[in-house]
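Secondary and tertiary structure notes
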Amino acid sequence: MRLSGRNLKCVRGGREVFSDLDLSATSGEALAVTGPNGAGKTSLLRVLAGLLVPAEGSIALEAGDAELSLAEQAHYLGHRDALKPALSVMENLSFWREFLGGETKDAGHCLAAVALDHAAHLPAAYLSAGQRRRLSIARLLSVRRPVWLLDEPTSALDAAGQAMFIGLMRDHLASGGLIIAATHLPLGIDARDLRMGGAA
Ligand SMILES: Nc1ncnc2c1ncn2[C@@H]1O[C@H](COP(=O)(O)OP(=O)(O)OP(=O)(O)O)[C@@H](O)[C@H]1O
């Protein structure tokens, strides 16, 4: 599987954020998108996730599932956790499993993998920032999708959480997935650097 973008240009609010951007990542590979605040890292992930339309350029996923779009084969983990505060931890995960569909893994197992099984019945509103991030990560595990698009994935995670997530990213790459992650911090896994320019 190969995800590639060619000659991508992104315009937001009438202003060019980036242009002439090429990228590619294959199965088992991680790309770390780095650059200063405002360089366009989040914008690039949103373009790849199909949430923003590029002003120019093309995106292709080769050797994926021909019947599914790239968006249907990708998880987008934004820097804001998409949780419903009134629902419990388990209900939030169940919502995502139903919403995303496809091949799922046991929800209890996924919560245990992010050390949130003890909080399964707690309303998401009561979670700490790091626990919210762990629940978002459980979504990645719960529904099998080969492309992970991650925005500052380790923000709010403590040292144990970061080590846990590094292990999960390694497992995902070893099972043929690919990762594109915007980050200001080292990812903790082997990753090629995609440096974006621009000013804060
Ligand atoms: N909805 C929007 N409308 C107009 N401009 C926007 C919008 N969202 C982002 N931008 C602008 O696009 C540019 C790139 O923002 P983006 O969030 O992609 O940067 P980033 O590299 O992820 O930054 P950071 O490191 O601070 O997270 C910024 O100048 C930002 O102000």
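Structure shown above.
Description of the structure in this document. (Residues numbered from 1 in each chain as written. Predicted model: local features only at pLDDT ≥ 70, side-chain atom pairs only at ≥ 80, totals over all residues. Heavy atoms only, no water.)

1. So, the layout of surface pockets
Of the pockets and cavities examined, the largest pocket occupies roughly 290 Å³. Residue lining of the largest pocket: 16 residues in total, with A74, Y76, W96, L100 and R145 positioned closest to the centre. Sorting the residues of the lining of the largest pocket by element identifies β5 (74-77) and α2 (89-100) as the ones contributing at least two each. Considered as a void within the structure, the second largest pocket measures approximately 220 Å³ in volume. If you go around the second largest pocket, you meet 14 residues; those closest to its centre are K105, L140, L141, W148 and H172. Of all the secondary structure elements, the ones that give two or more residues to the lining of the second largest pocket are α3 (107-113), α4 (129-142) and α5 (159-174). Grouping the constituent residues of the lining of the second largest pocket by class yields 7 nonpolar, 3 polar and 4 charged. (1 Å grid on protein atoms, 1.4 Å probe; cavity = no way out; pocket = protein on both sides within 12 Å on 5 of 7 lines; lining within 4 Å. Points joined across faces, edges and corners; volume = space filled by probe spheres on them. Helix = DSSP H or I, 4+ residues; strand = E, 2+ residues; numbered from the N terminus. Nonpolar A, V, L, I, M, F, W, Y, C, P; charged D, E, K, R; others polar.)

2. Considerations on the packing of aromatic side chains
Tallied over the full model, the rule gives 3 aromatic pairs. Plain terms: the ring middles of F95 and W96 are 5.4 Å apart, the flat faces sit at 75° to each other, and that makes the pair edge-to-face. Looking at F95, the relative accessible area reads 30%, which means it is partly exposed. By relative accessible area, W96 is classed as buried at 15%. Residues W96 and F99 carry aromatic rings whose centres are separated by 5.6 Å and whose planes lie at 85° to one another, so their mutual orientation is edge-to-face. Placement of the pair is W96 and F99 together in helix α2, with a separation of 3 residues, close to one helical turn. Put simply, the rings of F95, W96 and F99 touch in pairs and so form one group of aromatic residues. The positively charged end of K84 is found above the aromatic ring belonging to F95, 4.8 Å away from the centroid. (Phe/Tyr/Trp six-rings, centres within 6.5 Å; stacked < 30°, edge-to-face > 60°. Buried < 20%, exposed > 50% of the residue type's maximum accessible area, 1.4 Å probe, protein only. Lys NZ or Arg CZ within 6 Å of the ring centre and 35° of its normal.)

Function cannot be inferred from these measures alone, as they are strictly geometric.
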